[in-house]
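# Topology and contacts: notes
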Amino acid sequence: MSTNDSEFYYTLRVRYSEIDAQAVVFNAHYLTYFDTALNEYMRFLKYDYKGELEKSGLDFVVTRSLIEYKSPARFDEELKIYVKAGEIKPASILWNIQVRKVSDDTLVCNGELTWAFLSLESRKPAKLPEVFKNLGSKV
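Note that the structure is predicted; figures quoted are calculated from it, not measured.

Here we take up the confidence of the model for the chain. Chain-level statistics for the chain give a pLDDT mean of 93 and a share of 94% at 70 or above. Note that pLDDT drops below 50 for residues 1-5; the model gives that stretch nine contacts with residues more than four away or on any other chain.

For the rest of this paragraph, the subject is the environment of Ser-92. In this structure, Ser-92 sits in strand 5 (residues 92-101). What makes Ser-92 buried here is its relative accessible area of 15%. Measuring from C-alpha to C-alpha, the distance between Ser-92 and Thr-106 comes to 30 Å, with 14 residues separating the pair along the chain. Beyond its immediate stretch of four places on either side in the chain, Ser-92 contacts Glu-87, Trp-115, Ala-116 and Leu-128.

Another aspect to go through is the pairing of strand 4 (residues 78-89). Consecutive residues of a regular strand have side chains that alternate between opposite faces of the sheet. Sheet analysis places strand 2 (residues 7-13) next to strand 4, joined by six bridges and oriented antiparallel. Opposite Thr-11, over in strand 4, you have Lys-80 as the bridge partner. Bridge count for strand 4 against strand 5 is nine bridges, and the pairing is antiparallel. Across the sheet, Tyr-82 pairs through a bridge with Gln-98, a residue of strand 5. Taking the residues that link successive antiparallel strands as the turn, the strand 4-strand 5 hairpin has two residues.

Under the defined criterion, the tally for this structure stands at 14 aromatic pairs. Judged by centre distance (4.7 Å) and plane angle (45°), the rings of Phe-60 and Phe-117 are tilted. Within this pair, whereas Phe-60 is found in strand 3 (residues 58-69), its partner Phe-117 is found in strand 6 (residues 107-119), the two being separated by 57 residues in sequence. Judged by relative accessible area, Phe-117 falls into the buried class, the value being 3%. Pairing Trp-95 with Trp-115 gives two aromatic rings, centres 5.5 Å apart and planes at 75°, and the pair type is edge-to-face. On the criterion of sequence distance, the pair formed by Trp-95 in strand 5 and Trp-115 in strand 6 is long-range, its members being 20 residues apart. Taken individually, Trp-95 and Trp-115 each receive the classification buried, so the pair is uniform in this respect. Ring pairing ties together the aromatic residues Phe-8, Tyr-41, Phe-44, Tyr-47, Phe-60, Trp-95, Trp-115, Phe-117 and Phe-132, which thus form one cluster. The ring of Tyr-9 is capped by Lys-80, whose NZ or CZ atom sits 4.3 Å from the centre of that ring.

Rules behind the numbers
Residues numbered from 1 in each chain as written. Predicted model: local features only at pLDDT ≥ 70, side-chain atom pairs only at ≥ 80, totals over all residues. Heavy atoms only, no water. pLDDT = per-residue confidence, 0-100. Contact = heavy atoms within 4.5 Å. Helix = DSSP H or I, 4+ residues; strand = E, 2+ residues; numbered from the N terminus. Buried < 20%, exposed > 50% of the residue type's maximum accessible area, 1.4 Å probe, protein only. Pairing = 2+ DSSP bridges. Phe/Tyr/Trp six-rings, centres within 6.5 Å; stacked < 30°, edge-to-face > 60°. Lys NZ or Arg CZ within 6 Å of the ring centre and 35° of its normal.

Laid out in structure tokens, this is it:
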């Protein structure tokens, strides 16, 4: 879902299998949440991820991830995962991500993911698809 063109979010509910012995979301699941929201964002942008990969052999790879935890999320809570493009270079994108509770807008965590776009065969950088070039700030 999106509230407007500049703010995209995806809502999900914490599943029982995602909590740990402390009854909170296990830290590693947040990267899965980020990935899920980014895939939904690509759908929102009408970018055919699978089709483009099959056609060109070009794909995104994560080169950096950062998560700063602020408060716990628990089983059955609904979360909004906000996605916003940050710095955009010719062959990479920095994604700024926030996870907030739907119930009271509490910040659960902030994150950053850097994606590099490259040829899977040669492992060499490739120019970003047009749809991503005007989403954030450029260098």
